[in-house]
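# Summary of structural features
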There are 2 protein chains.
Amino acid sequence: MTDRPKIRLYVDHPLGQGQSVAVSREHANYLFNVMRLRVGAEVALFNGVDGEWRAQVAAAGKRGGVLLCDAQTAPQVAPPDLWLLFAPIKKARTGFIVEKAAELGAARICPVQTERTNADRIRQDRLQAHAIEAAEQCGGTFVPPVDELRPLAKMLDTWDVGRALVFADEGEVGQASVALPQAPAAVLIGPEGGFSAAERERLRSLPFVHTMPLGPRILRADTAAVAALTLWQSASGDWA
Amino acid sequence: MTDRPKIRLYVDHPLGQGQSVAVSREHANYLFNVMRLRVGAEVALFNGVDGEWRAQVAAAGKRGGVLLCDAQTAPQVAPPDLWLLFAPIKKARTGFIVEKAAELGAARICPVQTERTNADRIRQDRLQAHAIEAAEQCGGTFVPPVDELRPLAKMLDTWDVGRALVFADEGEVGQASVALPQAPAAVLIGPEGGFSAAERERLRSLPFVHTMPLGPRILRADTAAVAALTLWQSASGDWA
């Protein structure tokens, strides 16, 4: 492991000793125009599979370029097997939840439709871009996939009972701390209006569902997502 | 304690049985224009001191009105004595940190200048408005004061040694969980560029300073603030 360059980019390309990587038009603009890198400058690359590699700029043009992998600077590390299920809310806050989930080490991000979710579609590509940007910033080598929007009820129909589902519900307000299940696990955050009575009843009846209290105040959905991921990582994840 | 109305407003006015409260122009617009409340409708009021009161609209006009306090619907509850010290970052993320700190039950919010803080002023009034809005949303009866921007170094010069200062530093990345001190306490979040070597050395030399690890990934300052407040509330605060 050697020094890690400050500029980190996610690329959808194999990485390895001596591997050359074509620079996309978008990255060429960022690297050579915005950041003004020249031939010989170093960047860090990761692709979610091969760890982080130091690469040198071998060619720099307005619309493209070539990076040459030099040495691995960090091993590939997967986060614990924790999913985040959340009901999309206003656009800015939905992007925020995805960013924070990637920073906090969620392994998979699953937008879900609940009875009180207004959204009937999401911009999956934009949300995935948020997750990539967060991974670039946080120094991780893993990018959590952002799934398509799916109905929570259908996900529950086919849920793998070996995966604990931790449900942060307003109904838990004020109760004492509880033990959190180990991985594989998922955290479920409801929409701004909360879960319906029928949803809550179904969730509580399922053998793999655990509840998680988040203090005496009502948290916004984005705050609840960050708080729940933090508590799980600290108790049962890779912060422990 | 009786039913709590859904609309909650913070007012800078004494509250109590039979107390009449003049409606500000801004609140009149919100209550009577946006929300279309009429005479007889109910709202919840709190002022940070007297708990939450149910009040009836006694007069409704375009530029003002009168609310009449009817019954206390929640007692005054102060959060644990936890301060958040943070270095202001980009405007949207600074507003976000204040909002989240109020939701998560910080008792006081202290923007601080560090060596790598770009900001030399903050919009204290706007940040205080964020804290009020968050308190209105989260159902709390307390609004944390947002202080003026002060140099961290000066705050440390006159720090009350009875208050533990928990310092979430990138230097702690990857270390195991630690015990968190009880209240009175403060959590300190650094700027995007981290603390300088001199700041870090001084902090670590102070008898009231504790360090807090926040996992193996580098967190943005706003994520670190939410995570640190969550962990403290869960371990030593009012979520325990």
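These figures come from a predicted structure and were not determined experimentally.

## So, the side chain of A:Arg8
Residues and elements named next belong to chain A.
- Residue placement: Arg8 occurs in strand β1 (residues 8-10).
- Of note is the side chain of Arg8, whose polar atom sits 3.4 Å from the backbone oxygen of Gly139.
- Within the local environment of Arg8, its side chain forms a polar contact with the backbone oxygen of Gly140, the two atoms lying 2.8 Å apart.
- Ignoring any residue separated from it by four or fewer positions in sequence, one finds Arg8 in contact with Ala44, Phe46, Glu52, Ala135, Glu136, Gly139, Gly140 and Thr141.

## So, the relation of the copies chain A and chain B
- For the pair chain A and chain B, the superposition axis carries a translation of 0.0 Å, the fit reaches an RMSD of 0.0 Å, and the rotation angle comes to 180°. Taken together, the rotation and translation relating the two chain copies correspond to the operation of a two-fold axis.
- Most of the interface of chain A is mirrored in chain B: 100% of its interface residues are interface residues there too.

## Describing the pairing of strand β7 (residues 108-113) of chain B
Residue and element names in this part refer to chain B.
- For strand β6 (residues 82-86) and β7, the ladder comprises four bridges, and the chain directions are parallel. Residue pairing in the sheet places Phe86 in a bridge with Pro111 of β7.
- With helix α2 (residues 91-103) bridging β6 and its parallel neighbour β7, the resulting β-α-β unit is right-handed.
- As paired elements, β7 and strand β8 (residues 150-151) share two bridges and run parallel to each other. Along β8, the bridge assignment pairs Val112 with Arg150.

## A closer look at the environment of B:Phe142
Residues and elements named next belong to chain B.
- In this fold, Phe142 is placed in the loop between α3 (124-138) and β8.
- As a C-alpha pair, Phe142 and Ile132 span 10 residues in sequence and 8.8 Å in three-dimensional space.
- Beyond its immediate stretch of four places on either side in the chain, Phe142 contacts Gly48, Gln76, Val77, Ala78, Pro79, Ala106, Ala107 and Ala135.

## Considering the environment of B:Arg217
- As for its placement among the helices and strands, B:Arg217 is situated in the loop between β11 (209-211) and α6 (221-236).
- Taking the relative accessible area as the measure of exposure, B:Arg217 reaches 11% and is therefore buried.
- There is a polar contact of 3.0 Å between the side chain of B:Arg217 and the backbone oxygen of A:Glu103.
- Side chain to side chain, B:Arg217 and A:Asp238 meet in a polar contact 3.0 Å long.

## What to know about the domain arrangement of chain A
All names here are of chain A.
- Partitioning chain A into domains gives domain 1 (8-74) and domain 2 (82-236).
- One C-alpha centre belongs to domain 1, the other to domain 2; they are set 33 Å apart.
- With nine residues of domain 1 in contact, the opposing surface of domain 2 contributes eight residues.
- Of the roughly 630 Å² buried between domain 1 and domain 2, counting both surfaces, carbon and sulfur atoms make up 64%.
- When the buried area of domain 1 at its contact with domain 2 is split by residue, Arg8, Tyr10 and Phe46 rank highest and sum to 73% of it.
- At the junction of domain 1 with domain 2, the criterion picks out zero salt bridges.
- Broken down by element, the residue count for the side of domain 1 that touches domain 2 peaks at three residues, all from β1.
- Tallied by class, residues from the side of domain 1 that touches domain 2 come to four nonpolar, three polar and two charged.

## As for the interface of chain A and chain B
- With 31 residues of chain A at the interface, the matching set in chain B holds 31 residues.
- Summed over both partners, the interface of chain A with chain B comes to about 2800 Å²; 52% of that surface belongs to carbon and sulfur atoms.
- Contact with chain B buries surface across chain A, with A:Arg217, A:Arg220 and A:Trp239 losing the most and accounting together for 25% of the total.
- One can count 12 salt bridges joining chain A with chain B.
- Our enumeration of links across chain A and chain B arrives at 20 residue pairs in polar contact (both at pLDDT 80 or more).
- Those elements giving two or more residues to the side of chain A that touches chain B turn out to be α2 (91-103), α3 (124-138) and α6 (221-236) of chain A.
- Among the residues forming the side of chain A that touches chain B, the class breakdown is 13 nonpolar, nine polar and nine charged.

## Points about the sheet that holds strand β2 (residues 20-23) of chain B
Residue and element names in this part refer to chain B.
- With mixed pairing, the five strands of this open sheet are ordered in space as β1-β3-β4-β5-β2. Across the chains shown, the open sheet's two edge strands, defined by having one partner strand only, are β1 (8-10) and β2. Ignoring strand direction, the axes of neighbouring strands in this sheet form an average angle of 40°.
- Of the pairings in the sheet, the one linking β2 to strand β5 (residues 65-74) comprises four bridges and is antiparallel in character. Paired with Val23 across the bridge in β5 is Gly65.

## Notes on the packing of aromatic side chains
Residues and elements named next belong to chain B.
- For the structure shown, the criterion picks out nine aromatic pairs over all chains.
- Between Tyr10 and Phe46 the ring centres are 5.7 Å apart and the planes differ by 70°, which places this aromatic pair in the edge-to-face class. Of this pair, Tyr10 sits in strand β1 while Phe46 sits in strand β3 (residues 42-46), placing them 36 residues apart in sequence.
- Residue Phe46 is classed as buried on the basis of its relative accessible area, which comes to 0%.
- Relative to Phe195, the ring of Phe167 lies with its centre 5.2 Å away and its plane at 70°, an arrangement referred to as edge-to-face.

## Examining the packing of α2(B) against α3(B)
Residue and element names in this part refer to chain B.
- Between α2 and α3, the least distance of the axes is 8 Å, while the angle of their chain directions is 40°. As the angle between them shows, α2 and α3 are arranged oblique. Considering how the two elements wind past one another, α2 and α3 form a crossing that is right-handed. Along its contact with α2, which presents Lys91, Thr94, Gly95, Val98, Glu99, Ala102 and Glu103, the element α3 presents Arg126, Leu127, His130, Ala131, Ala134 and Cys138.
- For the contact of α2 with α3, the per-class residue count stands at six nonpolar, three polar and four charged.

Basis of the calculations
- Residues numbered from 1 in each chain as written.
- Chains lettered and ligands numbered in written order.
- Predicted model: local features only at pLDDT ≥ 70, side-chain atom pairs only at ≥ 80, totals over all residues.
- Heavy atoms only, no water.
- Helix = DSSP H or I, 4+ residues; strand = E, 2+ residues; numbered from the N terminus.
- Polar contact = N/O pair within 3.5 Å; in protein donor to acceptor, adjacent residues only side chain to side chain.
- Contact = heavy atoms within 4.5 Å.
- Least-squares fit on C-alpha atoms with pLDDT ≥ 70 in both.
- Pairing = 2+ DSSP bridges.
- Right-handed = clockwise from strand over helix to strand, strands pointing away.
- Buried < 20%, exposed > 50% of the residue type's maximum accessible area, 1.4 Å probe, protein only.
- Domains from an automatic or database assignment.
- Buried area = accessible area lost by both parts, 1.4 Å probe.
- Salt bridge = Lys/Arg side-chain N within 4 Å of Asp/Glu carboxyl O.
- Nonpolar A, V, L, I, M, F, W, Y, C, P; charged D, E, K, R; others polar.
- Axes fitted to C-alpha atoms, helices over the stretch in contact; angles between N-to-C directions.
- Phe/Tyr/Trp six-rings, centres within 6.5 Å; stacked < 30°, edge-to-face > 60°.
- Parallel < 35°, antiparallel > 145°, perpendicular 65-115°, else oblique.
- Left-handed = near helix turned anticlockwise from the far one by under 90°.

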